[in-house]
Amino acid sequence: MSAALPTSSREWHLVARPHGWPKAEDFALREAAVAAPAEGRILVRNKYFSVDPYMRGRMNDVKSYTPPFKLDHPMDGGAVGEVIASNAEGFAVGDHVLHGLGWREIADLPAKHAVKVDPEIAPLSAYLGVLGMPGLTAYAGLFEVASFKEGDAVFVSGAAGAVGSQVGQMAKLKGASRVIGSAGSDEKVKLLVEEYGFDAAFNYKNGPVRDQLKAAAPDGIDVYFDNVGGEHLEAAISSLNVHGRATICGMIAQYNATEPTPGPNNMAMIIGKRLRLQGVLVSDHSDLQPQFVQEVAGWLASGELKFQETKVEGIENGYDAFVGLLRGENTGKMIVSLV
């Protein structure tokens, strides 16, 4: 056990439930005492932690698939760091681990909730993105939930984000006939086509999504991967071919709405086209993890799969990183760096 353990750690607490867009006063960066780990536990110095759109839902006091954040308690989420003290078999000081206690500098957790990761295979931050939860979400959502098959035409909304950018590239690597993406800036559109190999992309702020999608996919689409909801979902229903499938992963367009948001007005098309719309939760697909890591690590090593990260430096900027993510200020995975 290390002799020179830190005595305190800063951590982000939710102090009020946001109404609409989260405000700075809904959060507090607080100091917490650090002690040597009890039996079966490890102490981890976090190097990177993740901010993700799903966290906005956890700030509401509503029953959902994951419990809400508690007020005046540290928030949590994906993090990767280095073990600085261990009282658990199989974990040594210096090991790098992925775990679920982000939003803080030092994490004290049961060793059984940590997974060792190899910084030789990929940069540590990649385990929060392309090789982590967003990557597995893309993989499971496309191949298992949407039943993707070679020759499908695929449309991805939020396509420059951590999940969307992987969905589009994975579809191309598996033989999609056409991949179309939407994003919120001309720079992101350029990135999708020039860097990630999408066949077409458009800025949803430049005109009605339905019109832009029809122009980009004149023969329709077979798969829609939805990260946005709202107008995008309505447009996709219009463009989906008979027996089309949609994976509903996120609806970031309405996460901060204070009033009920209208659903698509063309739902009757689901009947005639025999469409399948299915939600995805990554926690349902942990059995795919070994296959996912093996295949994606291979694509990364060969350079066939590319990824970007937006890193915000310093724990004190955790709130800014999260709100920036909700505003679409990130390209690829949004990460807070503590190194």
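Keep in mind that this is a model prediction, so the values were computed, not measured.

About the cut-offs
Residues numbered from 1 in each chain as written. Predicted model: local features only at pLDDT ≥ 70, side-chain atom pairs only at ≥ 80, totals over all residues. Heavy atoms only, no water. Helix = DSSP H or I, 4+ residues; strand = E, 2+ residues; numbered from the N terminus. Buried < 20%, exposed > 50% of the residue type's maximum accessible area, 1.4 Å probe, protein only. Contact = heavy atoms within 4.5 Å. Areas by Shrake-Rupley, 256 points an atom, 1.4 Å probe, with all protein chains shown as cover. Lys, Arg positive; Asp, Glu negative; His and termini not counted. Charge placed at Lys NZ, Arg CZ, Asp CG, Glu CD. Salt bridge = Lys/Arg side-chain N within 4 Å of Asp/Glu carboxyl O. UniProt positions renumbered as here; feature names shortened; annotations may be inferred. Pairing = 2+ DSSP bridges. Axes fitted to C-alpha atoms, helices over the stretch in contact; angles between N-to-C directions.

### Regarding the overall build of the protein
Right, so step 1: When helices and strands are tallied, the protein shows 9 helices and 15 strands.
Right, so step 2: Going through the 339 residues of the protein one by one, you find that 51% of them count as buried.
Right, so step 3: In the protein, once contacts between residues fewer than 6 apart in sequence are set aside, the share between residues at least 24 apart is 69%.
Right, so step 4: Accessible surface, the protein as shown: approximately 14,900 Å² in total, 52% of it carbon and sulfur.
Right, so step 5: With 31 positive and 40 negative side-chain charges, the protein shows a separation of 4 Å between the mean positions of the two kinds.

### Some details on the pattern of salt bridges
Any two side chains of opposite charge can pair, given that their charged atoms come close.
Right, so step 1: Under the counting rule described, the total for this entry stands at 14 salt bridges.
Right, so step 2: The salt bridge involving Glu295 is made with Lys174; its shortest N-O contact spans 2.8 Å. Of this pair, Glu295 sits in helix α8 (residues 289–302) while Lys174 sits in the loop between α3 (164–173) and β9 (178–183), and the two are 121 residues apart along the sequence.
Right, so step 3: Residue classification places Glu295 among the partly exposed residues on the basis of a relative accessible area of 24%.
Right, so step 4: In this structure, a network of salt bridges that share partners links the residues Arg10, Glu105 and Glu316.

### Focus: the UniProt feature "domain: Enoyl reductase (ER)" (unreviewed entry) in the protein
Right, so step 1: Mapped onto this structure's residue numbering, the UniProt feature "domain: Enoyl reductase (ER)" (unreviewed entry) falls at residues 23–336.
Right, so step 2: The annotated region residues 23–336 carries 26% helix and 25% strand content, and the separation between its end C-alpha atoms amounts to 18 Å.

### A word on the sheet that holds strand β13 (residues 276–279)
Right, so step 1: Overall, parallel pairing links the 6 strands, which are arranged β10-β9-β8-β11-β12-β13 in an open sheet. Only two strands of the sheet have a single neighbouring strand rather than two, namely β10 (200–203) and β13. Going across the sheet, the axis of each strand differs from the next one's by a mean of 15 degrees, ignoring polarity.
Right, so step 2: As defined by bridge partners, strand β8 (residues 153–156) adjoins strand β11 (residues 221–226) across 3 bridges and the pair is classed as parallel. Counterpart to Phe155 in the pairing with β11 is Tyr224.
Right, so step 3: The strands touched by helix α2 (residues 133–145) are β11, β12 (240–248) and β13; relative to β11, the strand with the most contacts, the crossing angle is about 145 degrees.

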